[in-house]
Amino acid sequence: MSQSNFDARGILGVLRRGEHPEPGAMTWFANALADGRVTDAQAGAFAMAVCMHGLSHAARTELTVAMRDTGAVLQWDLPGAVVDKHSTGGVGDCVSLVLAPALAACGVFVPMISGRGLGHTGGTLDKLESIPGVKTQIDGDLFSNTVASVGCAIVGATAEIAPADKRLYGIRDVTGTVDSLDLITASILSKKLAASPNALVLDVKVGAGAFMKTIDEARSLARSLVTTANEAGCPTAALITNMNQPLVPSLGNNLEVREVMHVLTQKCSDSAIGELTVALGGMVLLQAGRVQAAQDGAQLLRDAINDGRALDRFCRMITALGGPDDFEQDWDAYLTAAPSVTDVISLNAGFVTACDGEALGHLVVKLGGGRLIESDEIDPTVGISDLVRLGQYVAEGDVIARIHSACADVAPEAVAHVQAAVTISSEAPEVKPLIYEKIL
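Each helix and strand in the protein chain was counted, giving 17 helices and 12 strands. Relative to the compact-globule value of 22 Å for 440 residues, the protein chain shows a C-alpha radius of gyration of 22 Å, a close match. Counting only C-alpha atoms and orienting by the principal axes, one finds that the protein chain spans roughly 70 × 45 × 40 Å. The 440 residues of the protein chain split such that 54% are buried. Counted over contacts in the protein chain with a minimum sequence separation of 6, partners at least 24 positions apart contribute 77%. Entry remark: accessible area of the protein chain is about 17600 Å², with carbon and sulfur atoms responsible for 51%.

Here is the structure:
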């Protein structure tokens with residue numbers, strides 16, 4: 001059917017009845033979202049109908065590609081493959097800051113468009129901007145030049161990227177329709193595919209600190225994302241990963257950058273964040289055709305971390321984005337400490353059997369490390385460090401975490417919050433693996 005023969009009411013009627021829309025309908029609606037031909041009420045009705053009845057694979061892919069094409073689609077002329085990664089969000093998740101430079105050191109290019117903190121999860125851009133001088137909202141020329149010269153750049157999306165998604169996302173937020181597999185898929189991929197990667201890897205997190213709480217939910221989302229991205233022409237794979245505890249034992253912006261620097265300077269490719277980094281990197285190098293097996297790609301990433309090449313790329317990226325040119329030498333001085341650090345002690349002896357990452361993430365937000373409203377300013381120094389790990393044995397009175405706060409009188413309430421979030425039991429728990437499944 002010609003695009004001129006579609007209209008909002010007709011498409012909404014089809015979706016309300018749970019029928020499959022005709023080819024072209026999702027393209028028309030995405031364009032109408034971007035140019036204002038549909039009202040907010042119609043956009044809300046669209047989101048509700050999709051949330052209630054879902055879309056076919058074909059319609060979901062069409063919507064994703066159409067939303068991507070409502071804005072700028074980046075073009076690259078680089079001497080190597082362009083790759084990218086996306087995480088569905090978790091606490092203590094600073095993988096991107098290790099993965100992007102490690103991949104760049106392996107000869108691929110990583111134009112990574114990332115986001116800010118959302119709910120209880122920290123934002124990659126907020127973490128980067130805790131480094132003095134770093135700016136992640138940059139113009140297109142600086143973005144492309146940094147990718148070309150350094151091999152990677154982690155930046156925020158401009159208004160020109162997927163404007164249809166920006167409008168629909170805001171409407172979903174106020175109409176109770178965020179929780180739709182099809183709309184989540186289209187939202188994530190319309191922005192990621194706008195960077196025109198040759199290959200993509202997805203980190204779909206599940207557990208106490210993630211948005212997805214069950215393995216079935218995570219598996220459904222991973223399959224939806226992988227299927228849609230592949231149908232859109234981008235070779236894609238996903239890992240379903242364990243978020244039953246923060247990935248690193250720190251939460252908060254410059255505290256997590258410290259964890260990144262520990263991995264890069266101390267060559268800790270065998271840490272949890274290192275393990276996940278090399279696994280994701282191996283998968284995307286396989287999807288890009290750079291290696292014959294994911295484990296071969298993982299070894300390339302491991303070598304890049306262990307021989308210091310990933311550190312070099314990270315620090316060059318920091319300088320290119322406006323940060324200090326001596327960050328590699330003086331990073332500890334640049335990552336300012338909070339005015340107050342308070343020990344949290346265990347009230348009893350036993351094994352750490354649970355860690356409520358979501359509760360801890362919300363605490364970091366309340367301390368000032370995240371946003372309660374969009375206009376809030378973030379304090380990059382606050383957060384939690386030295387958090388105990390699942391399966392660890394602690395004695396009564398042992399330190400189970402340290403709270404970094406702007407003033408000492410915030411700490412007593414925060415101490416009780418952390419103690420409630422960490423469960424200590426007499427029997428050691430079964431510690432589950434970091435990576436549950438691969439979705440190809």
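Here the focus is the sheet that holds strand β5 (residues 236-242). Ordered by their spatial adjacency, four strands build an open sheet running β1-β4-β5-β12, and the pairing between neighbours is mixed. Each edge of the sheet is formed by a strand with only one pairing partner; in this case those strands are β1 (83-87) and β12 (435-439). Taking each pair of neighbouring strands and ignoring which way they run, the sheet shows an average axis angle of 15 degrees. Note that β1 and strand β4 (residues 199-206) share five bridges and pair parallel. Bridged to V83 within β4 is A199. Taken strand by strand, helix α12 (residues 272-287) contacts β1, β4, β5 and β12, and its axis lies near 145 degrees from that of β4.

Those residues of helix α2 (residues 25-35) not exposed but buried are A25, M26, W28, F29, A30, A32 and L33. Buried residues along α2 sit against α1 (8-16), α3 (40-53), α4 (57-69) and α8 (163-175). The first or second residue beyond α2 is G36, which carries a positive phi of 90 degrees.

Here we come to the environment of T319. By the element assignment, T319 lies in helix α14 (residues 309-320). Spatially, the C-alpha atom of T319 lies 45 Å from that of Q42, the residues being 277 residues apart in sequence. Not counting residues up to four positions away in its chain, the partners in contact with T319 are P324 and D325.

As a further point, take the side chain of S250. Note on placement: S250 falls in the loop between β5 and α11 (253-266). For S250, a relative accessible area of 4% translates into the label buried. Polar contacts involving the side chain of S250 include one to the side chain of E259, which spans 2.7 Å. Here S250 is in contact with G92, L255, E256, E259, I384, S385 and D386, once residues within four sequence places are set aside.

Contact pair α3 / α8: the axes reach a minimum separation of 9 Å and the direction vectors enclose 75 degrees. Of the possible angle classes, the one that applies to α3 and α8 is roughly perpendicular. Touching D40, A43, G44, F46, A47 and M48 of α3 are R167, L168, I171, R172 and T175, all from α8. Taken together, the residues of the contact of α3 with α8 break down into six nonpolar, two polar and three charged.

Here the focus is the sheet that holds strand β8 (residues 383-385). Pairing within the open sheet is antiparallel, and its three strands lie in the order β6-β10-β8. The sheet terminates laterally at β6 (340-345) and β8, the two strands that pair on one side only. Between one strand and the next, the sheet's axes are offset by a mean angle of 30 degrees, whatever the strand orientation. One ladder, built from three bridges, connects β8 with strand β10 (residues 399-405); its direction is antiparallel. Note that in β10 the partner of S385 across the bridge is R402. Against the sheet, helix α17 (residues 411-421) engages β6, β8 and β10, with an angle of about 35 degrees to β6.

Turning to the environment of V201, a few remarks are in order. Residue position: V201 is located in strand β4. Residues V201 and S340, 139 residues apart in the sequence, show an inter-C-alpha distance of 39 Å. When near neighbours in sequence (up to four residues on either side) are disregarded, V201 contacts D84, K85, H86, A237, L280, M283 and V284.

So, on to the layout of surface pockets. It is the rolling of a water-molecule-sized probe over the atoms that shows where space remains empty. Roughly 290 Å³ of internal volume is contained in the second largest pocket. At the level of elements, α12 and β7 (350-355) are the ones that each hand at least two residues to the lining of the second largest pocket. For the lining of the second largest pocket, the per-class residue count stands at nine nonpolar, five polar and five charged.

Counting 99 residues, the largest nonpolar core has L103, L128, I131, M261, F314, F327 and V418 as the members making the most contacts within it. Counting residues per element, this core draws most heavily on helix α5 (residues 95-105), at nine residues. Beyond its immediate chain neighbours, meaning those up to four positions away, F327 contacts I131, V257, M261, F314, C315, I318, Y334 and L335. I11, L15, A32 and A49 belong to the second-largest nonpolar core, a separate cluster that totals 28 residues.

What counts, and where the lines are drawn
- Residues numbered from 1 in each chain as written.
- Predicted model: local features only at pLDDT ≥ 70, side-chain atom pairs only at ≥ 80, totals over all residues.
- Heavy atoms only, no water.
- Helix = DSSP H or I, 4+ residues; strand = E, 2+ residues; numbered from the N terminus.
- Rg over C-alpha atoms; globule rule 2.2 N^0.38 Å.
- Buried < 20%, exposed > 50% of the residue type's maximum accessible area, 1.4 Å probe, protein only.
- Contact = heavy atoms within 4.5 Å.
- Areas by Shrake-Rupley, 256 points an atom, 1.4 Å probe, with all protein chains shown as cover.
- Pairing = 2+ DSSP bridges.
- Axes fitted to C-alpha atoms, helices over the stretch in contact; angles between N-to-C directions.
- Polar contact = N/O pair within 3.5 Å; in protein donor to acceptor, adjacent residues only side chain to side chain.
- Parallel < 35°, antiparallel > 145°, perpendicular 65-115°, else oblique.
- Nonpolar A, V, L, I, M, F, W, Y, C, P; charged D, E, K, R; others polar.
- 1 Å grid on protein atoms, 1.4 Å probe; cavity = no way out; pocket = protein on both sides within 12 Å on 5 of 7 lines; lining within 4 Å.
- Points joined across faces, edges and corners; volume = space filled by probe spheres on them.
- Core = buried A, V, L, I, M, F, W, Y, C linked by side-chain atoms within 4.5 Å.

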